[in-house]
Amino acid sequence: MSYASQQDLVERAGEAEINEVADRDGNGAPDPDVIEAALFTADERINSYLAVRYRTPLALPAPVVIGWAVSIARYFLHRDGAPDHVVRDYRDAIAELKEAAGGRLAVPDAEGLSPTPSSSGSTSATGTPPAFTRDNLEGWL
């Protein structure tokens, strides 16, 4: 299940634009496999950002997620170079995904990941022994 659909693309971009960028066989209609590939790419891009903070794929994508998917898919459908407004939408979507991944923007209805507690409930660090200690600096202090 994709986060967005062909209908979502048409609602945002218009039928004429989607026909133009997704009709690769020249029959006057968008090719379903072209649309599916663009939506898959969008889903993968979204999941790659959100997976650091949320369980992906999202079970119930919020409208903001659908918007990101449409912006990203639309950008990838323009294989010969997207118009400036499509590039802006794509960049805005990626910027918001970065914000969501960094915890500065919440994704509504998304199930977050829980940190895995250590077995003892404490933390520890390992590393190389210190180069300078009181013992090996004796006589210098």
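Residues numbered from 1 in each chain as written. Predicted model: local features only at pLDDT ≥ 70, side-chain atom pairs only at ≥ 80, totals over all residues. Heavy atoms only, no water.

Glancing now at helix α3 (residues 32–50). Its 19 residues place the ends of α3 27 Å apart at the C-alpha level, agreeing with the 27 Å of an ideal helix rising 1.5 Å per residue. Residues Val34, Ile35, Ala38, Leu39, Ala42, Asp43, Ile46, Asn47 and Leu50 constitute the buried set of α3. Against α1 (6–13), α2 (15–22), α4 (63–77) and α5 (84–101) lie the buried residues of α3. (Helix = DSSP H or I, 4+ residues; strand = E, 2+ residues; numbered from the N terminus. Expected span 1.5 Å × (residues − 1). Buried < 20%, exposed > 50% of the residue type's maximum accessible area, 1.4 Å probe, protein only. Contact = heavy atoms within 4.5 Å.)

It is worth spelling out the packing of α3 against α4 at this point. How two helices pack is summed up by the angle between their axes together with the distance between the axes. In the contact formed by α3 and α4, the axes pass within 8 Å of each other and the chain directions differ by 125°. When the axes of α3 and α4 are compared, the pair comes out oblique. Judged by the sense of rotation from one axis to the other, the crossing of α3 with α4 is right-handed. Across from Val34, Ile35, Ala38, Leu39, Thr41, Ala42, Arg45, Ile46 and Leu50 in α3, the residues of α4 making contact are Val65, Trp68, Ala69, Ile72, Ala73, Phe76 and Leu77. When grouped by side-chain class, the residues that make up the contact of α3 with α4 number 14 nonpolar, 1 polar and 1 charged. (Axes fitted to C-alpha atoms, helices over the stretch in contact; angles between N-to-C directions. Parallel < 35°, antiparallel > 145°, perpendicular 65-115°, else oblique. Left-handed = near helix turned anticlockwise from the far one by under 90°. Nonpolar A, V, L, I, M, F, W, Y, C, P; charged D, E, K, R; others polar.)

When we look at a pair of aromatic rings, we describe it by the centre distance and by the angle of the planes. For the structure on display, the rule yields 3 aromatic pairs. Between Tyr75 and Phe76, the ring centres sit 5.3 Å apart and the planes meet at 85°, which makes this aromatic pair edge-to-face. (Phe/Tyr/Trp six-rings, centres within 6.5 Å; stacked < 30°, edge-to-face > 60°.)

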